[in-house]
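So the chains spell out like this:
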Amino acid sequence: MSSNGIRDRVAVVAMGCTRFGEHWFSSAEDLLVDATEQVFGPTSVRRDDVDAYWLGTLGSGQSGLTLSKALSLDYKPVTRVENYCATGSEAFRNACYAVASGAYDRVVAVGVEKLKDSGFSGLLRADPPSDGTAAELSLTAPAAFSLLDPAYCDRYGVAAADMRAAMTHVAWKNHSNGALNPKAQFQSGVSKEKIESAPKVAGRLGVFDCSGVSDGAAAALIVRAEDALDYTDRPMYVKGLSLAAGPALGASDSAYDYTTFPEVERSARDAFAQAGITDARQEISLAEVHDCFTPTELVLMEDLGFAERGQAWKDSLDGAFELGGRLPVNPDGGLKSFGHPVGASGLRMLYECWVQFRGQAGERQIADPRLALTHNLGGRPGSCVSFVSVVGPELG
């Protein structure tokens, strides 16, 4: 898998993100207005100055009218996209390519989701008719991802207690980071004892092993790289964007053992090649990854090349991925603590990179960040899509 990429051809010059959480008194339209106003506020750009918009939402609206109505747009092209939990990243990817192609000068990518209004604790989706071989679709998301835990222990000979400790550490770390983030859904640290004693949801996954169900929106203003300094003195440049959709063989593939996401490996390899990265562990300063469940983050550390196979659990317990570690992962709290309004999550990850590069992350600020990675995973083990971006504060 390879692509030519658009390294240093487009730049983000403004971003906005609502607080994620239970917005009972705000509509999806309210959240869209909030996020985009944060984009337009610091710049001279206004809604009608934007050439085109991309909207990502899984189930909080249909067609571009969802955004054009909320913003009262004057007959602008608005494209609505959906790609499971990578929906916000897909809006960003398509918007970036539109500018890189020369079709537009200024575009906005925005993602939104209202999950709490449904009263259902999870993602609302309807699976299309199938031939009946996709047995894993009968499982809930927590049940499907809970299979990573025993599979990892079996393949690498990890004691169940050690794996449990590593999963607990992921939750503890991300809640600790979220406690430093005023926009996170959950802004309190959680003790390891409380994490491990929480009610079970599926397998060994407890309540604190699962990401938050929330409402929220995030947005980005994207322009040509050569024009970026006309809008801000600190742009964020796109180095690599990659999306991989797997063959979705799922449980029917006897070779699949639930200890890796091949789609993540492929998308990471492609994004690194586009960005000219040869040693991700040394060159990436921070990573925002799709920690939908605690064992997912551990497996992702290996698929993204941040840990050796079978070693991520040790690296996690050793503090490698904490704010003060060799590679801070999910410094904003991740899906686990920041929350996971599906259409907004990918752009929320990019928002954290934006804040970090500008030195505005407060107590969770990372010293001198150079390159950042964001990663979204949509679907479930054995049947998913994966998005990886690499962004940085400087050209070259």
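Residues numbered from 1 in each chain as written. Predicted model: local features only at pLDDT ≥ 70, side-chain atom pairs only at ≥ 80, totals over all residues. Heavy atoms only, no water.

An unreviewed UniProt entry annotates the protein chain as Acetyl-CoA acetyltransferase of Saccharopolyspora terrae.

A.B. asks: Please explain the overall build of the protein chain as it appears in this structure.
C.D. replies: Within the protein chain, the regular secondary structure consists of 13 helices and 11 strands. For 396 residues, the compact-globule formula gives about 21 Å, and the C-alpha radius of gyration of the protein chain, at 20 Å, lands near that figure. Looking at the protein chain as a whole, 60% of its 396 residues are labelled buried. Residue pairs in contact within the protein chain that sit at least 24 positions apart in sequence constitute 78% of those at least 6 positions apart. (Helix = DSSP H or I, 4+ residues; strand = E, 2+ residues; numbered from the N terminus. Rg over C-alpha atoms; globule rule 2.2 N^0.38 Å. Buried < 20%, exposed > 50% of the residue type's maximum accessible area, 1.4 Å probe, protein only. Contact = heavy atoms within 4.5 Å.)

A.B. asks: How should the side chain of Ser211 be read in this particular structure?
C.D. replies: Assignment of secondary structure puts Ser211 in the loop between strand S6 (205-206) and strand S7 (215-224). Taking the relative accessible area as the measure of exposure, Ser211 reaches 16% and is therefore buried.

A.B. asks: Even after reading the chapter, I still don't get the packing of aromatic side chains, so can you show me in this structure?
C.D. replies: Any aromatic ring pair is given by two values, namely how distant the centres are and how the planes are angled relative to each other. This model, assessed by the stated rule, comprises 6 aromatic pairs. Of the aromatic side chains, those joined through ring pairs into one cluster are Phe145, Phe261 and Phe293. Sitting over the face of the ring of Trp172, Lys192 holds its NZ or CZ atom 4.9 Å from the ring centroid. (Phe/Tyr/Trp six-rings, centres within 6.5 Å; stacked < 30°, edge-to-face > 60°. Lys NZ or Arg CZ within 6 Å of the ring centre and 35° of its normal.)

A.B. asks: Would you explain the packing of helix H5 (residues 148-156) against helix H6 (residues 160-178) in this entry?
C.D. replies: The relative placement of two packed helices comes down to the angle between their axes together with the axis-to-axis distance. Look at H5 against H6: their axes get within 10 Å of each other, and the N-to-C directions meet at 130°. With respect to their mutual orientation, H5 and H6 come out oblique. Both H5 and H6 take part in a crossing whose hand is right-handed. Packed against H5, whose contacting residues are Asp149, Tyr152 and Cys153, the element H6 presents Ala160, Met163 and Met167 at the interface. For the contact of H5 with H6, the per-class residue count stands at 5 nonpolar, no polar and 1 charged. (Axes fitted to C-alpha atoms, helices over the stretch in contact; angles between N-to-C directions. Parallel < 35°, antiparallel > 145°, perpendicular 65-115°, else oblique. Left-handed = near helix turned anticlockwise from the far one by under 90°. Nonpolar A, V, L, I, M, F, W, Y, C, P; charged D, E, K, R; others polar.)

A.B. asks: Whenever I open this one, H5 confuses me. Can you help?
C.D. replies: Residues spaced three or four apart along an α-helix point in a common direction, a consequence of the helix completing one turn every 3.6 residues. When we look at burial in H5, the residues that qualify are Leu148, Asp149, Ala151, Tyr152 and Cys153. Next to the buried residues of H5 lie helix H4 (141-146), H6, helix H10 (294-303) and helix H11 (312-317). Once H5 ends, the next one or two residues include Gly157, with phi positive near 65°.

A.B. asks: Please clarify how helix H13 (residues 342-357) should be interpreted in this entry.
C.D. replies: End to end, H13 covers 24 Å across 16 residues, agreeing with the expected 22 Å (1.5 Å per residue, within 8%). With respect to burial, H13 is a largely interior element, 16 of its 16 residues being buried. (Expected span 1.5 Å × (residues − 1).)

A.B. asks: Before we go on, may I ask you to explain the sheet that holds strand S2 (residues 52-56) in this structure?
C.D. replies: To summarise the sheet geometry, strands pair through backbone hydrogen bonds and adopt either a parallel or an antiparallel arrangement. The sheet built from 9 strands is open, its strands ordered S3-S2-S4-S7-S1-S8-S11-S10-S9 with mixed pairing. Of all the strands in the sheet, the pair left with one neighbour each is strand S3 (78-81) and strand S9 (286-288). Within the sheet, the average angular offset between the axes of one strand and its neighbour, ignoring direction, is 25°. Relative to strand S11 (residues 383-392), strand S8 (residues 236-245) runs antiparallel, the two sharing 8 bridges. Within the sheet, the bridge partner assigned to Tyr237 lies in S11 and is Gly392. (Pairing = 2+ DSSP bridges.)

A.B. asks: Please clarify how the domain arrangement of the protein chain should be interpreted in this entry.
C.D. replies: Reports often express the size of an interface as the amount of accessible area lost when the parts come together. Structurally, the protein chain comprises domain 1 (10-119 + 215-235) and domain 2 (140-209 + 238-392). Here the C-alpha centroids of domain 1 and domain 2 sit 24 Å apart. Taken residue by residue, the interface counts 43 residues in domain 1 and 31 residues in domain 2. Both sides together, the interface formed by domain 1 and domain 2 hides about 3000 Å², and carbon and sulfur atoms give 67% of it. Broken down residue by residue, the surface that domain 1 buries against domain 2 is led by Met15, Phe20 and Cys85, which jointly contribute 24%. On the surface where domain 1 and domain 2 come into contact, there are 0 salt bridges. (Domains from an automatic or database assignment. Buried area = accessible area lost by both parts, 1.4 Å probe. Salt bridge = Lys/Arg side-chain N within 4 Å of Asp/Glu carboxyl O.)

A.B. asks: Would you take a moment to explain the packing of H5 against H10 for this structure?
C.D. replies: Following both chains from N to C, one finds H5 and H10 inclined at 45°, their axes separated by 9 Å at the closest point. Considering their axes alone, H5 and H10 lie oblique with respect to each other. At the point where H5 passes H10, the crossing takes the left-handed sense. Facing Leu148, Asp149, Tyr152 and Tyr156 of H5, the residues of H10 in contact are Pro295, Thr296, Val299 and Glu302. For the contact of H5 with H10, the per-class residue count stands at 5 nonpolar, 1 polar and 2 charged.

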